[in-house]
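Read off the chains here:
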2 protein chains.
Amino acid sequence: MSPPRPATRIQARNRAAILDAALDVFSAQGFRGATVDQIAAAAGLSKPNLLYYFPSKEAIHNALLEQLLDTWLAPLRALDPDGDPLQELLAYVQRKLEMSRDYPRESRLFANEIVQGAPRIHGALSTDLKSLVDDKTRVIRTWIEAGRINRVHPYHLIFSIWSLTQHYADFDVQIRAVLDDEDPFDAAPDFIDTLYRRLLTPP
Amino acid sequence: MSPPRPATRIQARNRAAILDAALDVFSAQGFRGATVDQIAAAAGLSKPNLLYYFPSKEAIHNALLEQLLDTWLAPLRALDPDGDPLQELLAYVQRKLEMSRDYPRESRLFANEIVQGAPRIHGALSTDLKSLVDDKTRVIRTWIEAGRINRVHPYHLIFSIWSLTQHYADFDVQIRAVLDDEDPFDAAPDFIDTLYRRLLTPP
DNA sequence: CGTCGGTTTGACCAGATGGTCAAATCATTC
DNA sequence: GAATGATTTGACCATCTGGTCAAACCGACG
C-alpha cells in the first residue's frame, strides 16, 4: 500500500523519475490512454525496469493520486477561521490560482479522474474531502452570520473557486487558442480578485 | 468526411443509436478508454454491424465532436448586441447552466477532449471558437465603454462563465460527494445569478 | 579478485482491441 | 414469390499492451 522507503540512492532517483514521467503521461492522456511503455520511456527506463519499482500501472497511478489529494486540498485547509474573512477567502483563491499556473499537470490529473467518474478516489471524496468542506463551510457560515461577508451559499462559493481557478489549468489549450499570444495568467488574478471582492464585500 | 444522409429508416435509427451510445461511452471513459465493443453493446449492435455504419472508432468520435461544437456554442452565438447587457449576459449564463444540467454527457465529452490537449479539435478552437469569442468580446467591450456594465476583462468574463457552468457537469461526482443528497442544481442558478449581478451591475 | 544483493534487460506471453471479410439474413420492390 | 440490395454476423487477424521471467549486469564490500 504505502511506498517502501527508498533503500538506495538509485531507488530514490528512479522512483522520483517514474512518478514525474507518469504525471506527464497520465495528466495528458488519462489513465487508460497512458501506456506503461510511454511512462518508462519518459522516465528513461525500460518497461521491465519500471515494473521493478512499481508492481503495476495502476500502482503508479494510485501513488500519484494519493500524494495529490493532500497537496491539492492544502490551500483550503489553510483557510483560517480567525483571520479576516475577505482576506482569507481572497488569499485562498489566489493560492488556488497559483497552483493552476505552477502545477497544471496535477490539476489535469485530478480533472481526468473526476470527469471520468472518480473511479479510484470516490471514497476519499465522500470522506476526507467532504468533511474538510463541511468544516470550512461552517466557518464561512459564521462569517456570514456575523455580517462580515455577504450572504452566499457556502458550498457553491467553494465550488466556484475550484471551478474558476482550475479551469485555467484544465482548459489551458482552449483558453490559449482564444487568447492567441496573451498569457492567461496576466489578467486572471486581477479578474478573479475583483469578482470575489464584488461578490463578498458587504455593502 | 460528412456523414452520408440516411438512405433508409434503419440507417437513421442505427446511426442515431450508435451516436447516443458512443456519447455515453466516450463521455464516461474518454476516447482511448472507450472500446468499440462497449459502444456496440450499448447501441444494441454487434461490433461488425456498428462498423458497417461508421468506418472506425475515430469516425464516431469525430461525428460527435463535429456536431457538438455547434450546439455547444449556440448560447454564446445567441448573445444579442442589441439586447440589455445585464439581461443578455445573465440569460447566457443560465442557458449554459441548463446545458450542464440537461446535457452533461456533451459537456464531459468536450472536457475530456480539452483536458487532454484537444488533439482533434485544436483547429476549430483557434478558428471558429476564437472568432466567435473575439466577436462577442467586442460586444461586451462596447457595453463597458457605454457604462452599461462594470469594467471587467471581457475574455476572462467569458472564461469564467464557461468554467462556472460546465463545472457542474464535468465535476458532478465531486460536487455530489460533497453535497450528499442535495441536488446541486437547486442552489446553483441562484448563486451564479447573484455572482454575475454583483460583478456586472454598475454602482 | 570474488561474491552477493541490487538493478537492468531481451524475450516472451496472454488477453484486449480495432478492424476485415465472406457468407448469411432480411426488407423491399416488382 | 423471386430478385436485389441493404443489413447482420461468426470467424478471424494483426497489433497493442500490461505484465512475467530467467539471465545478465553492476557496484560495493570483504
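Note that the coordinates shown come from a computational prediction; the quantities given were computed from them, not determined experimentally. (Residues numbered from 1 in each chain as written. Chains lettered and ligands numbered in written order. Predicted model: local features only at pLDDT ≥ 70, side-chain atom pairs only at ≥ 80, totals over all residues. Heavy atoms only, no water.)

Colleague: How do you make sense of the overall build of chain A when you look at a structure like this?
Modeller: What chain A contains, in helices and strands, is 10 helices and 0 strands. Order of helices (α) and strands (β) in chain A, N terminus to C terminus: α-α-α-α-α-α-α-α-α-α. With the principal axes as the frame, chain A shows a C-alpha extent of 65 × 40 × 30 Å. Out of the 203 residues in chain A, the part that is buried amounts to 54%. Long-range contacts, defined here as pairs at least 24 residues apart, represent 69% of the contacts in chain A between residues at least 6 apart. Surface accessibility of chain A: about 9,000 Å² in total, with carbon and sulfur atoms responsible for 50%. Taking the average place of the 23 positive charges on the side chains of chain A and the average place of its 27 negative ones, the gap between the two points comes to 6 Å. (Helix = DSSP H or I, 4+ residues; strand = E, 2+ residues; numbered from the N terminus. Buried < 20%, exposed > 50% of the residue type's maximum accessible area, 1.4 Å probe, protein only. Contact = heavy atoms within 4.5 Å. Areas by Shrake-Rupley, 256 points an atom, 1.4 Å probe, with all protein chains shown as cover. Lys, Arg positive; Asp, Glu negative; His and termini not counted. Charge placed at Lys NZ, Arg CZ, Asp CG, Glu CD.)

Colleague: What is the right way to read the relation of the copies chain B and chain A from this model?
Modeller: Mapping between the two chain copies consists of a rotation about an axis together with a translation along that axis. Take chain B, turn it by 180°, move it 0.0 Å along the axis, and it overlays chain A with an RMSD of 0.1 Å. The relationship between the two copies is best expressed as a two-fold rotation axis. Taken together, the interface assignments show that 100% of the residues at the interface of chain B recur at the interface of chain A, consistent with an identical surface on both copies. (Least-squares fit on C-alpha atoms with pLDDT ≥ 70 in both.)

Colleague: Would you mind showing me how to read the interface of chain B and chain A here?
Modeller: Buried accessible area, meaning the area lost when the parts come together, often serves as the stated size of an interface. Contact residues are listed per partner, giving 56 residues for chain B and 56 residues for chain A. Taken together, the two surfaces of chain B and chain A that pack against each other cover about 4,800 Å², and 68% of this comes from carbon and sulfur. At the boundary of chain B with chain A, the tally comes to 0 salt bridges. Connecting chain B to chain A are 15 residue pairs in polar contact (both at pLDDT 80 or more). (Buried area = accessible area lost by both parts, 1.4 Å probe. Salt bridge = Lys/Arg side-chain N within 4 Å of Asp/Glu carboxyl O. Polar contact = N/O pair within 3.5 Å; in protein donor to acceptor, adjacent residues only side chain to side chain.)

Colleague: When you look at the nonpolar core in this model, what are you seeing that I'm missing?
Modeller: Within soluble globular proteins, side chains that are nonpolar tend to cluster in buried spots. Membership of the largest hydrophobic core comes to 143 residues, with the highest contact counts inside it found for Leu157(A), Tyr196(A), Leu157(B) and Tyr196(B). Residue contributions to this core peak at 9 residues, all from helix H7 (residues 122-145) of chain B. What Tyr196(A) contacts, discounting residues up to four positions off in sequence, is Leu86(A), Leu90(A), Val93(A), Leu157(A), Ser160(A), Ile161(A), Leu164(A) and Thr201(A). (Core = buried A, V, L, I, M, F, W, Y, C linked by side-chain atoms within 4.5 Å.)

Colleague: Any chance you could explain the pattern of salt bridges here in plain terms?
Modeller: Pairing between side chains becomes possible if they bear opposite charge and their charged atoms approach one another. Taken as a whole and assessed by the stated rule, the structure comprises 21 salt bridges over all chains. Salt-bridge contacts for Asp172(A) lead to Arg176(A); the nearest nitrogen and oxygen are separated by 2.8 Å. One end of the pair, Asp172(A), and the other, Arg176(A), are both in helix H9 (residues 172-179), 4 residues apart, so they sit about a helical turn from each other. Between Glu113(B) and Arg120(B) there is a salt bridge, and its shortest N-O distance comes to 3.9 Å.

Colleague: For this particular structure, what's the right way to read the protein's contact with DNA strand D?
Modeller: In the vicinity of DNA strand D, 18 residues are found, and the nearest of them are Lys57(A), Thr8(B), Gln11(B), Arg32(B) and Tyr53(B). A breakdown of the atoms of DNA strand D within 4 Å of the protein gives sugar and phosphate a share of 57%. In this structure, a phosphate oxygen belonging to DNA strand D sits 3.0 Å away from a side-chain N or O atom of Asn14(B). In this structure, Tyr52(B) approaches DNA strand D through a side-chain N or O atom, which is 2.9 Å from a phosphate oxygen. Going through the elements one at a time, helix H3 (47-53) of chain A together with helix H1 (9-33) and helix H3 (47-53) of chain B are the ones with two or more residues in the surface near DNA strand D. For the surface near DNA strand D, a count of residues per class yields 8 nonpolar, 7 polar and 3 charged. (Near = heavy atom within 4 Å. Nonpolar A, V, L, I, M, F, W, Y, C, P; charged D, E, K, R; others polar.)

Colleague: So what exactly am I meant to see when it comes to the side chain of Thr165(B) here?
Modeller: Residue and element names in this part refer to chain B. The topology assignment puts Thr-165 in helix H8 (residues 154-170). Taking the relative accessible area as the measure of exposure, Thr-165 reaches 1% and is therefore buried. There is a polar contact of 3.3 Å between the side chain of Thr-165 and the backbone oxygen of Trp-162. Not counting chain neighbours up to four residues away, the residues in contact with Thr-165 comprise Val-93, Lys-96, Leu-97 and Ser-100.

Colleague: What should I look at first to understand the protein's contact with DNA strand C in this one?
Modeller: Taken together, the neighbourhood of DNA strand C is formed by 18 residues, with Thr8(A), Arg32(A), Tyr53(A), Val36(B) and Lys57(B) sitting nearest. Each atom of DNA strand C within 4 Å of the protein was classed as base or backbone; sugar and phosphate made up 56%. In the environment of DNA strand C, a phosphate oxygen lies 2.8 Å from a nitrogen or oxygen atom belonging to the backbone of Lys57(B). Class assignment of the residues belonging to the surface near DNA strand C gives a composition of 8 nonpolar, 7 polar and 3 charged.

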